[in-house]
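So you can see what is in the structure, the chains are spelled out below.
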Amino acid sequence: MNAVLYLEHDSPEPCRKISTRLLAGPPTNRMSKYSSSQRDAFAVPAPPVSRENRDPRKSQGIKQREPLVFFIMRLNLKAVLLILTVAVVVITLGVYMRCAAFTFSPDLMRPLDRAGRQSANGGEATALQDIECSINQEYSVHCKRDENANEVYVPFSFLRNYFDVSGAVSTTGSEVAKFNWVHSTAKVNLPRGKYDARGVFMYFENYNVEVRDRVKCISAAEGVPVSTQWEKRGYFYPTQIAQFALSHYSKNITEPAPRVRVLEDGDGNQMDWSTPKTSNMTRIWHHKFNTSVVQFETAPGYEGAISIALNQTLDLLLSVDLLLVTNSSSLMVTVLNRDTRHSYNLHYIPADLLLSVQDSNIYYGLGGSAINKWRHITRDLHIDVQKGIVLGDKRSPLKVRRSDLEVTALGFLGLGFYDNITLSTSDHLAHFYDAAEWFIHNQDPKTGGWANPVRRSLNGFAELRPGWISAMGQGHAISVLSRAYWHSGDERYLRAAAAGLQPYRVYSRDGGVLAQFMDKFYWYEEYPTTPPSYVLNGFIYSLLGLYDLNSTAPVKIAREAGKLFAQGMYSLKKMLLLYDTGSGTSYDLRHLSLGVAPNLARWDYHATHVNQLLLLATIDSDPLIAQTAERWKGYMFGRRAKHN
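Right, let's talk about the environment of serine 586 for a bit. Tracing the backbone shows serine 586 in the loop between helix H11 (555–575) and helix H12 (590–593). A sequence separation of twelve residues divides serine 586 from proline 598, and the C-alpha atoms of the two residues are 6.4 Å apart. When residues no more than four places from it in sequence are discounted, the contact partners of serine 586 are Tyr579, Thr581, His591, Pro598, Asn599, Leu600, Ala601 and His609.

Listed below in structure tokens is the structure:
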């Protein structure tokens with residue numbers, strides 16, 4: 001049944017017509033209790049009802065029910081949204097957990113990939129397809145193929161190992177990412193001019209021997225590096241010691257003058273030392289040195305040490321003249337790592353000890369013979385701390401930056417004397433002369449050689465027993481002593497250098513370094529193996545030592561060194577091309593001595609060959625040397641010799 005109700009509003013708007021449908025039902029419906037005339041009365045417009053005549057309870061009930069309905073509707077909407085959110089999270093996690101094993105079909109991805117590339121290339125499609133690359137029919141590599149360009153793209157991870165090349169993606173500022181392909185990471189050092197036996201040795205100003213992992217420490221007793229290259233316990237390796245010396249000699253020429261801070265010299269520069277009541281220190285006149293020195297005597301224990309507080313950074317090269325009277329005496333330096341706020345205590349003690357570490361205490365031995373002897377000590381505190389950290393934690397040693405360290409205290413314990421304490425940025429000549437002195441004191445007076453105290457094994461050759469002499473070590477040592485003689489005028493260095501020529505005349509089988517190729521060409525062996533190995537870089541270094549002595553020594557010694565140099569250069573020119581492989585060089589000639597595969601030089605050794613020839617070309621005008629150097633340099637950029 002339809003009914004139309006007209007309700008009069010008290011607003012000025014006209015009456016609104018509201019239609020509704022009355023549900024028809026059986027006679028038992030609520031409307032059935034009224035008569036037909038009474039029911040017809042419902043079609044009559046309702047009389048106007050004033051605001052005053054309305055039932056206030058009805059109006060209030062309607063208003064109360066409306067907020068309740070809306071609240072229920074909003075509550076249901078929130079519940080639905082919450083359920084949907086939870087469902088999305090659960091589905092996402094489920095897909096994520098299975099994504100490692102999930103892959104899209106290649107047939108599905110190719111159109112997508114093609115469409116993406118087409119959009120990126122301005123409408124021109126570039127489709128990359130998966131393809132297997134068969135490498136010499138031995139194994140396969142997963143590659144990509146461009147159908148349109150007829151190109152196949154091979155992964156660089158494969159090319160790196162296959163061709164022994166390097167590469168990396170780099171970005172600079174706002175530039176687009178670029179891939180840098182490098183055939184060789186080794187560096188060629190072009191000579192600055194004609195080689196000078198009194199000046200920089202090759203490019204050794206770039207060497208930092210002491211920071212090498214195979215250097216255990218710098219001996220406090222000798223002032224030279226201790227090598228672990230072929231023996232973990234550590235030993236003195238003449239070649240390494242000479243490189244240490246030559247690098248510091250070269251740095252002294254190329255670097256600016258160091259910054260030096262004098263802490264105490266007993267005279268014009270005096271520090272205010274903290275002296276416990278149980279200890280004492282006095283400045284006394286030393287008649288032999290014609291200067292004042294400081295005498296100290298302390299009570300046992302660290303609390304009795306005399307000390308000064310410091311806050312020195314960067315200037316980490318400690319220099320001191322020291323005489324210790326008792327075995328319990330020592331020099332102590334405290335160094336703070338400003339990054340970690342951890343302090344290290346360096347102890348320099350009169351003992352036959354290389355290096356020992358106990359927690360934050362690092363001990364260096366000055367040697368058992370250091371008692372009652374004045375000696376000048378030069379220590380790089382950064383290197384001493386770093387080597388101590390490595391020894392204390394070999395698995396994951398902390399790499400300490402020089403700029404992070406600060407010297408916070410320096411002190412003395414026991415009984416002794418000290419003078420001329422300085423902290424500086426460097427003291428290259430002190431390191432150089434420490435090494436030069438080592439060569440004087442450790443030369444075999446019979447053979448004139450500097451022996452290597454470890455075994456050395458080269459594949460295919462008989463093992464070298466401890467005591468073998470290296471032509472490279474001899475040449476390096478002579479280069480050091482020649483410069484020490486020229487710089488100081490001390491003839492001790494000249495005599496040691498001249499004596500170092502003896503092994504050049506003795507065959508390697510008899511304890512020297514001389515070998516002969518094809519019974520014609522004389523060769524100075526870096527490793528005196530049986531049969532000879534003919535290592536190229538060591539031979540050229542041995543020649544440079546001869547050239548240095550020839551250029552700095554008096555006539556008689558110079559003539560002898562010059563003769564050996566000329567003999568070696570003649571052999572080099574005749575044999576040099578035997579090392580050329582057409583794309584690199586051989587490290588030695590074992591393929592001729594042993595009849596085995598060539599021992600190809602790594603790129604860093606190949607670069608050494610190039611650098612050596614470029615230097616020799618400045619003192620020998622034979623075009624063979626310069627031309628070979630240029631060809632070998634080209635190999636480092638991917639060039640190869642022509643084929644037939």
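Below, the discussion takes up the sheet that holds strand S5 (residues 151–153). Read across the sheet, three strands follow the order S3-S4-S5 without closing on themselves; strand pairing throughout is antiparallel. Among the strands making up the open sheet, the edge pair consists of strand S3 (128–135) and S5. If you compare each strand with its neighbour and ignore which way they point, the axes differ by 40° on average. Relative to strand S4 (residues 139–146), S3 is paired through eight bridges, and the arrangement is antiparallel. Residue pairing for S4: leucine 128 is matched across the bridge by aspartate 146.

Time to look at the side chain of serine 184. Tracing the chain through its elements places serine 184 in the loop between strand S7 (178–182) and strand S8 (215–218). Look at serine 184 and you get buried, because its relative accessible area is 10%. Here the side chain of serine 184 touches alanine 186 through a polar contact of 3.2 Å, landing on its backbone nitrogen. Excluding anything up to four places from it in sequence, serine 184 contacts Trp603 and Met636.

Mean pLDDT over the protein chain works out to 87, with 83% of the residues at or above the 70 mark. Across residues 1–63, confidence stays below pLDDT 50; counting only partners more than four residues off in sequence or on other chains, it has 33 contacts. The low-confidence segment residues 108–112 (pLDDT under 50) makes two contacts with residues lying over four places distant or belonging to another chain.

In the structure shown here, the tally under the stated rule is two cavities of 30 Å³ or more. Every residue lining the largest cavity is listed: Glu210, Ile218, Phe244, Thr378, Arg379, Asp380, Ile383, Asp384 and His431. Within the residue set of the lining of the largest cavity, elements represented by two or more residues are strand S19 (375–380) and helix H6 (381–392). Classifying every residue of the lining of the largest cavity gives three nonpolar, two polar and four charged. Lining the second largest cavity are Leu322, Leu323, Leu324, Leu366, Ala370, Lys373, Arg375 and Ile377. Those elements giving two or more residues to the lining of the second largest cavity turn out to be strand S14 (317–324) and S19. Considering every element that reaches the lining of the second largest cavity, the biggest residue donor is S14, with three residues. Here the lining of the second largest cavity is composed, by residue class, of six nonpolar, no polar and two charged.

Right, let's get into the packing of aromatic side chains. Applying the stated criterion across every chain yields a total of 41 aromatic pairs. Measuring from centroid to centroid gives 5.4 Å for phenylalanine 439 and tryptophan 450, while their planes differ by 85°, and the two rings are edge-to-face. Of the two residues, phenylalanine 439 is situated in helix H7 (residues 428–441) and tryptophan 450 in the loop between H7 and helix H8 (471–488); the sequence distance between them amounts to eleven residues. With relative accessibility at 1%, the residue tryptophan 450 sits in the buried group.

Residues Ile306, Ile308, Leu310 and Gln312 point to one face of strand S13 (residues 306–313) and are all buried, whereas Ser307, Ala309, Asn311 and Thr313, pointing to the other face, are not buried. As judged from the six bridges shared by S13 and strand S20 (residues 405–413), these two strands associate in the antiparallel manner. Paired with isoleucine 308 across the strands is leucine 410, a residue of S20.

Another point: the sheet that holds S13. The six strands are arranged S13-S20-S15-S16-S18-S17 in an open sheet whose pairing can be described as mixed. The strands lining the two open edges of the sheet, one partner per strand, are S13 and strand S17 (355–358). In this sheet, adjacent strand axes meet at a mean angle of 20° when their direction is disregarded. Sheet analysis places S17 next to strand S18 (residues 361–365), joined by four bridges and oriented antiparallel. When the sheet's bridge partners are listed, leucine 355 is paired in S18 with tyrosine 364.

Now for the layout of surface pockets. Looking at the largest pocket, its volume works out to about 900 Å³. Residue lining of the largest pocket: 32 residues in total, with Arg214, Arg602, Asp604, Tyr605 and Thr608 positioned closest to the centre. Elements represented by at least two residues in the lining of the largest pocket include exactly helix H5 (238–254), helix H10 (536–552) and helix H13 (603–616). With five residues, H13 is the single largest residue contributor to the lining of the largest pocket. Looking at the lining of the largest pocket residue by residue, the classes come out as 14 nonpolar, eleven polar and seven charged.

Analysis parameters
Residues numbered from 1 in each chain as written. Predicted model: local features only at pLDDT ≥ 70, side-chain atom pairs only at ≥ 80, totals over all residues. Heavy atoms only, no water. Helix = DSSP H or I, 4+ residues; strand = E, 2+ residues; numbered from the N terminus. Contact = heavy atoms within 4.5 Å. Pairing = 2+ DSSP bridges. Axes fitted to C-alpha atoms, helices over the stretch in contact; angles between N-to-C directions. Buried < 20%, exposed > 50% of the residue type's maximum accessible area, 1.4 Å probe, protein only. Polar contact = N/O pair within 3.5 Å; in protein donor to acceptor, adjacent residues only side chain to side chain. pLDDT = per-residue confidence, 0-100. 1 Å grid on protein atoms, 1.4 Å probe; cavity = no way out; pocket = protein on both sides within 12 Å on 5 of 7 lines; lining within 4 Å. Points joined across faces, edges and corners; volume = space filled by probe spheres on them. Nonpolar A, V, L, I, M, F, W, Y, C, P; charged D, E, K, R; others polar. Phe/Tyr/Trp six-rings, centres within 6.5 Å; stacked < 30°, edge-to-face > 60°.

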